[in-house]
Amino acid sequence: QVHVVESGGGLVQAGGSLRLSCTASGRTFSTYSMGWFRQAPGKEREGVTGISWSGGTISYADAVKGRFTIPRDNAKNTVYLQMNSLKPEDTAVYYCAARPGGWPSLNANDYTYWGQGTQVTVSS
C-alpha cells in the first residue's frame, strides 16, 4: 500500500507561480511512475503531467506544455508540480497519483494510488 499526500495549493494571481508537492510512502517510490491530475467544478478529471520512475520520460497535457514541469526527488519520495504563468482556467483541485513502473500515462484509470487533492485557485 502506498499513501500519497499532496500539499502546496492556494490562491495565486494570473501570471503567477505555484509549486505543489506530493509525497508517497514506502521504500518502492523510486519504482513508481507518478502523475498529476486536476478536476475543475463540473468537469471530468484530466491528466496534467506524468513522470516515469526514472525521470527519463515525461508526459504533458497540451494545455500546460511550456508552463508546468514535474521534477521528482526519489531520495525524498517526492514529486513536484511547478506551475508557472498560471491562468484562471488552471483553477482546479489537483491530485497526485502513483502507479508501479509503467509509462507516465495521463489516463487516470492507469493509476493505482491517489492523494486527497489540493485546491489551486487562480484569480484574474
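In the block above lies the structure referred to throughout.
First, a word on scope: everything that follows refers to the structure included in this document. Counting from 1, residues in each chain are numbered in the order their sequence is written. Local features are withheld for residues below a pLDDT of 70 in this predicted model, meaning they are given only at 70 or higher, and side-chain atom pairs are given and counted only at 80 or more; totals for whole chains, interfaces and linings count all residues. With hydrogens and water stripped out, all remaining heavy atoms of the structure feed into the side-chain values.

### Comments concerning the pairing of strand β10 (residues 92-100)
Thought 1: Judged by how many residues are buried, β10 sits mostly within the fold: seven of nine residues are covered.
Thought 2: For two strands to pair, DSSP has to find at least two bridges joining them. Strands are runs of DSSP state E lasting at least two residues, helices are runs of H or I lasting at least four, and both sets are numbered from the N terminus onward. Bridge analysis of strand β4 (residues 32-39) against β10 gives eight bridges, and the strand direction is antiparallel. Note that in β10 the partner of Ser 33 across the bridge is Arg 99.
Thought 3: Looking at chain direction, β10 and strand β12 (residues 118-123) are connected through three bridges and run antiparallel. Within β12, the residue paired with Tyr 94 across the bridge is Thr 118.
Thought 4: Note that β10 and strand β11 (residues 113-114) share two bridges and pair antiparallel. Considered in β11, the bridge of Ala 98 is made with Tyr 113. Exposed residues in this analysis have more than 50% of their type's maximum accessible area, buried residues have under 20%, and partly exposed residues fall in between, with area computed by a 1.4 Å probe over protein chains only.

### Some details on the pattern of salt bridges
Thought 1: Salt bridge, as used here: a side-chain nitrogen of Lys or Arg that lies within 4 Å of a carboxyl oxygen of Asp or Glu. With the rule as written, the count across this model stands at four salt bridges.
Thought 2: Among the ionic pairs, Glu 46 bridges to Arg 38, the shortest N-O distance being 2.6 Å.
Thought 3: Given a relative accessible area of 37%, Glu 46 falls into the partly exposed group.
Thought 4: As a salt-bridge pair, Asp 90 and Arg 38 come within 2.9 Å of each other at their nearest N and O atoms. Separated by 52 residues along the polypeptide, Asp 90 in the loop between β9 (78-83) and β10 and Arg 38 in strand β4 bring together distant segments of the chain.

### Details of the nonpolar core
Thought 1: One finds Met 34, Trp 36, Met 83 and Tyr 94 to be the most contacted residues of the largest nonpolar core, which totals 29 residues.
Thought 2: Those elements giving two or more residues to this core turn out to be β3 (18-24), β4, β5 (46-51), β9, β10 and β12.
Thought 3: We call two residues contacting when some pair of their heavy atoms lies within 4.5 Å. If near-sequence neighbours (up to four positions away) are discounted, Met 83 is found in contact with Gly 16, Ser 17, Leu 18, Leu 20, Arg 67, Phe 68, Tyr 94 and Val 120. Within this scheme, the nonpolar core is defined by two criteria: the residues are buried Ala, Val, Leu, Ile, Met, Phe, Trp, Tyr or Cys, and they are joined through side-chain atoms within 4.5 Å.

### Focus: the packing of aromatic side chains
Thought 1: Each aromatic pair joins two rings of Phe, Tyr and Trp (for Trp, the six-membered one) with centres within 6.5 Å, and gets the label stacked for planes under 30 degrees apart, edge-to-face for over 60, and tilted for any other angle. This structure, assessed with the given rule, holds five aromatic pairs.
Thought 2: Judged by centre distance (5.2 Å) and plane angle (75 degrees), the ring pair of Phe 37 and Tyr 111 falls under edge-to-face. Linking Phe 37 in strand β4 with Tyr 111 in the loop between β10 and β11, this pair joins segments that are 74 residues apart in sequence. Across the pair, exposure class does not vary: Phe 37 and Tyr 111 are buried alike.
Thought 3: Pairing Tyr 95 with Trp 114 gives two aromatic rings, centres 6.5 Å apart and planes at 75 degrees, and the pair type is edge-to-face. In this pair, Tyr 95 is assigned in strand β10 and Trp 114 in strand β11, connecting sequence segments 19 residues apart.
Thought 4: Owing to a relative accessible area of 14%, Tyr 95 belongs among the buried residues under this scheme.
Thought 5: Among the aromatic residues, those joined into a cluster by ring pairs are Phe 37, Tyr 95, Tyr 111 and Trp 114.

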